[in-house]
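# Report on the structure
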Amino acid sequence: MRVKEKIKVSIEGREFEVERGTPLGEIFKEAGVKDALGGKIGDRIIDLQTPVMEGGEIKPVRKSDPESLEILRHSLAHIMAQALKELYGTEKVHLGVGPTTEEGFYYDVEVEGHRITEEDLPKIEEKMREIIKRDYPILRKELEREEAIKLFEKLKEKYKIEIINRIPPEEVISVYEQGDFIDLCKGPHLPSTGKAGAFKLTSISGAYWMGRADQPQLTRIYGMAFWSDKELRQRLRFYEEAKKRDHRKLGRELEFFLIDENVGAGLVLWLPRGSVYRRVLEDYWKEEHIKRGYEFVYTPHVGKSKLWEISGHLECYKPNMFPAMEMEGEEYYVKPMNCPFHIAIYKSKVRSYKELPIKLAELGTVYRYEMSGVLHGLMRVRGFTQDDAHIICTPEQVDDVIRDTLDLALSMLKDFGFEDFKIYISTKPEDAIGSEEQWEVSENALKKAVEDLGYTYEIDEGGGAFYGPKIDVKIRDAIGRLWQCSTIQFDFNLPERFDMTYVGPDNKKHRPYMIHRALLGSIERFTGILLEHYAGLLPVWLSPTQVRIVPIADRHVDYGRKVLEVLQREGFRADIDERDERMNAKIREAELMKIPFVLVVGDREAESGTVSVRSKKEGNLGSMTIEEFVKLLKEKIERKE
RNA sequence: GCUGGCGUAGCUCAGUCGGCAGAGCGCGGGAUUUGUAAUCCCGUGGUCGCGGGUUCAAGUCCCGCCGCCAGCUCCA
């Protein structure tokens, strides 16, 4: 079968000529590479049994390389599948897919006649350990398509057959066998089950077959896996720690917000302390937008059905909208987006090319009926405020507008202390509207803007909306999940639907470009991420209470009030704790509320006109004059520390 | 919406086999006047998420709904 063709491979700087199709393990043996579990060719990791079909660089993957975890986790997924089959019967367990994740693996399975719950996990783990102890060799085999289908039909693996039917004809079909368990798999795998490392089955959930809601739902069993127990325990501890910085917990503790069951799921009540922070955030946002030539507008929360008909929302977005309200024979909808209102403002008069770009901005509160299962604290809610704006410009202005918008987005994110974000550009999907030219101009503007500003991006090919391409900026939460914040989207649809025009130098009507953008995303989600990012200890400029004054005894209250007066005159958000409590208790409370500065005042301070400064971040800073403290605080706020 | 889990005081949680609803914090009152993360005493607090069922008896068992949590799908 094999053609005796020679290929050249290079391993750790040395060149070898081998027969095409030689298993990697044999190549390594010849090259004297020891301890490798597999190799990396380009982006693909293969194991020792996999034949090498093409020449080029092969990087050995050893236990010490992070890539080796991929091999470990793949094999553990198989070991788990084998354990399930042994526990619940080979023909009762139907396997879906079992890939690796960032820190482990999962397998989607269907078990006939048994509902797997978390209580089953220890039992499954135990069986897995048994299989590991048996140390089965893991053998790779390549099968003809017909053979493979026959095999998996015999095994009653209906999902595997579906997968085989989707494998392109030119690709080889491989299976891996360990003991009496055999599974369709590309690999890579360990040489034997005994080589597996530390693992723990962590959770269970439902997952649609093929990721499609119209397909059956399988049970997804998640596992975490590392080579050593130590790493595994570290990772588990990280999650314990992360729980403490969950914004839902912090939001309650710091009295930022509340979601009340009787108000409704996904509807946020902002408490006084959270509202102070929010006002600071919004003021900052407005300042930054004024600097960049935005004009602010206010628009209503409901609009007539006619508006949503023209915009197309009733056609495409209705399942996500709160249902209609009827008044005097007219239907109204609560707005899921601000665009139609901003467009109505644009259209209120004839626009000349001389006034473009027009940038209409609004902290616009919208309502979307999100499915109940997706709601998540402030991150995913049903009523939220977008830091929205629509930019209407000429084709010639597109490049500048996009660069300026992205620059504003990233400079704001930096002011909030975010450095670790990912930028995605989504391009034209299959069923897109708009001309080739529009798509080209827009996609180029997006890419150019990112490049000009010196960032890298990932392309989500075909991931754009049908009405235009976009840039998304995503930020991580406490446990590493990415959330979309900034979004800059072209829209070729609404200008057509609303017949938006401007008069050009040729005195003719032209169709403008419209860009829809939200830079923080929504105030709610942004706040959630911010709280997690800082574990609740917000930078001083955003902190609801910046300074708390703690008089040691009643007789120090007067002096404390004098200090308070100075601070408030300087524009700081300060208060004084006059309760009949011990100083220690007051300090503790201030610490728990994560107030950045506590000023302790007693006899010594009152006499010398000083304050004793305690910083949440740096501890006791000792005494200084009030003026010195004012200066210190002003600097911190100025630098947005 | 789907799969699995959970819902007891404002918060964190205990409540055994179906047999009188508990603790700490908080909150109210009093004492105390304190030097960098909890002073002491007394008091207050409940439609056990909501509705139905089984039972002599339900926080506990069963069913439906609501909400929350982890994912899936979707998304700012």
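First, a word on what this report is: a plain description of the structure on this page. (Residues numbered from 1 in each chain as written. Chains lettered and ligands numbered in written order. Predicted model: local features only at pLDDT ≥ 70, side-chain atom pairs only at ≥ 80, totals over all residues. Heavy atoms only, no water.)

## Regarding the protein's contact with RNA strand B
- Taken together, 55 residues sit near RNA strand B, with Gln217, Ser372, Arg380, Asp580 and Ser612 positioned nearest.
- Close to the protein, within 4 Å, the atoms of RNA strand B are drawn from sugar and phosphate at a rate of 48%.
- Contact between RNA strand B and Gln484: a sugar or linking oxygen at 2.7 Å from a side-chain N or O atom of the residue.
- Here a base oxygen of RNA strand B and a side-chain polar atom of Asp554 are 2.8 Å apart. (Near = heavy atom within 4 Å. Polar contact = N/O pair within 3.5 Å; in protein donor to acceptor, adjacent residues only side chain to side chain.)

## Remarks on the sheet that holds strand 18 (residues 302-304)
- On the basis of which strands lie adjacent, the open sheet formed by three strands has the order 18-20-19 and antiparallel pairing. For this open sheet the edge positions go to strand 18 and strand 19 (325-327), each flanked by a neighbour on one side alone. Each strand of the sheet is rotated relative to its neighbour by a mean of 35°, with strand direction disregarded.
- Two elements, strand 19 and strand 20 (residues 330-334), share three bridges in a ladder whose sense is antiparallel. Considered in strand 20, the bridge of Met325 is made with Tyr332. (Pairing = 2+ DSSP bridges. Helix = DSSP H or I, 4+ residues; strand = E, 2+ residues; numbered from the N terminus. Axes fitted to C-alpha atoms, helices over the stretch in contact; angles between N-to-C directions.)

## Details of the packing of helix 2 (residues 68-88) against helix 3 (residues 121-134)
- With their axes 8 Å apart at the nearest point, helix 2 and helix 3 run at an angle of 110° to one another. As the angle between them shows, helix 2 and helix 3 are arranged roughly perpendicular. Crossing of helix 2 against helix 3: the hand is right-handed. Facing helix 2, whose interface residues are Leu76, Ile79, Met80, Gln82, Ala83, Leu84, Glu86, Leu87 and Tyr88, helix 3 presents Lys123, Ile124, Lys127, Met128, Ile131, Ile132 and Arg134.
- Looking at the contact of helix 2 with helix 3 residue by residue, the classes come out as eleven nonpolar, one polar and four charged. (Parallel < 35°, antiparallel > 145°, perpendicular 65-115°, else oblique. Left-handed = near helix turned anticlockwise from the far one by under 90°. Contact = heavy atoms within 4.5 Å. Nonpolar A, V, L, I, M, F, W, Y, C, P; charged D, E, K, R; others polar.)

## Details of helix 19 (residues 626-638)
- In a regular helix each residue adds 1.5 Å, so 13 residues correspond to 18 Å; helix 19 covers 18 Å between its end C-alpha atoms and thus fits that length.
- Next to the buried residues of helix 19 lie strand 30 (547-551), helix 16 (557-569), strand 32 (597-601), strand 33 (610-615) and strand 34 (619-625).
- Two residues or fewer past helix 19, Lys640 is found with a positive phi of approximately 55°. (Expected span 1.5 Å × (residues − 1).)

## Focus: the packing of aromatic side chains
- Following the criterion strictly, the structure yields 21 aromatic pairs and no others.
- A centroid spacing of 5.7 Å and a plane angle of 75° characterise the contact between Trp308 and Phe341, whose relative ring orientation is edge-to-face. You can see Trp308 sitting in helix 9 (residues 305-311) and its partner Phe341 sitting in helix 11 (residues 339-346), a full 33 residues away along the chain. Grouping residues by exposure puts Trp308 and Phe341 together as buried.
- Here a set of aromatic residues connected by ring pairs shows up, and it is made of Tyr284, Phe416, Phe418, Phe526 and Trp541. (Phe/Tyr/Trp six-rings, centres within 6.5 Å; stacked < 30°, edge-to-face > 60°. Buried < 20%, exposed > 50% of the residue type's maximum accessible area, 1.4 Å probe, protein only.)

## Notes on the sheet that holds strand 13 (residues 198-208)
- Pairing within the open sheet is antiparallel, and its four strands lie in the order 8-9-14-13. Because the sheet does not close on itself, it has two edges, and the strands there are strand 8 (93-95) and strand 13. Taken over all neighbouring pairs, the strand axes of this sheet differ in orientation by 35° on average, direction set aside.
- Of the strands in this sheet, strand 8, strand 9 (104-111) and strand 14 (217-226) are in contact with helix 5 (residues 158-166), which crosses strand 8 at around 20°.

## Concerning the pairing of strand 21 (residues 358-367)
- Burial runs high along strand 21: nine of the ten residues are buried.
- Where strand 17 (residues 295-296) meets strand 21, two bridges bridge the pair, whose relative direction is parallel. Following the sheet pairing, Glu295 is matched in strand 21 by Leu360.
- Pairing of strand 21 with strand 22 (residues 383-393) involves ten bridges; the strand directions are antiparallel. Considered in strand 22, the bridge of Leu360 is made with His390.

## A short note on the environment of Arg278
- Along the chain, the position of Arg278 falls in helix 8 (residues 272-291).
- Owing to a relative accessible area of 16%, Arg278 belongs among the buried residues under this scheme.
- Considering only alpha carbons, one finds Arg278 and Ser543, 265 residues apart in sequence, at a separation of 9.8 Å.
- Other than its neighbours up to four places away in sequence, Arg278 contacts Trp270, Thr385, Ile523 and Glu524.

## Some details on the nonpolar core
- By size, the foremost hydrophobic cluster in this structure holds 61 residues, and its most contacted members are Ile402, Phe416, Phe418, Ile471 and Phe490.
- Per element, the largest residue contribution to this core is nine residues, and it comes from helix 12 (residues 398-415).
- When near neighbours in sequence (up to four residues on either side) are disregarded, Phe418 contacts Leu413, Ile475, Phe526, Ile529, Leu530 and His533.
- The next biggest cluster of nonpolar side chains, apart from the first, holds 42 residues, and it includes Leu37, Met80, Ile131 and Leu232. (Core = buried A, V, L, I, M, F, W, Y, C linked by side-chain atoms within 4.5 Å.)

## A word on the side chain of Glu288
- Its location among the elements puts Glu288 in helix 8.
- The contacts of Glu288, once residues within four sequence positions are left out, are Leu408 and Met412.

## Some remarks on the pattern of salt bridges
- For the structure shown, the criterion picks out 53 salt bridges.
- The partner of Glu5 in a salt bridge is Arg20, and the shortest N-O contact between them spans 3.9 Å. Placement of Glu5 in the segment before strand 1 (6-11) and of Arg20 in the loop between strand 2 (14-19) and strand 3 (22-23) is noted, with a sequence separation of 15 residues between them.
- In this structure, Glu641 engages Arg639 in a salt bridge whose closest nitrogen and oxygen atoms are separated by 2.6 Å.
- What emerges from the salt-bridge pattern is a single network uniting Asp399, Asp400, Arg403, Lys448 and Asp452. (Salt bridge = Lys/Arg side-chain N within 4 Å of Asp/Glu carboxyl O.)

## Topic: unusual backbone geometry
- Cis geometry marks the peptide bond from Gly187 to Pro188; its omega dihedral reads 5°.
- Residue position: Pro188 is located in the loop between strand 12 (181-184) and strand 13.
- A cis amide bond links Leu356 to the next residue, Pro357, at an omega of -5°.
- Tracing the chain through its elements places Pro357 in the loop between helix 11 and strand 21.
- The backbone of Lys156 shows a phi angle near 60°, a positive value even though the residue is not glycine.
- The residue Lys156 is located in the loop between helix 4 (145-154) and helix 5 in this model.
- Overall, the relative accessible area of 42% leaves Lys156 in the partly exposed class.

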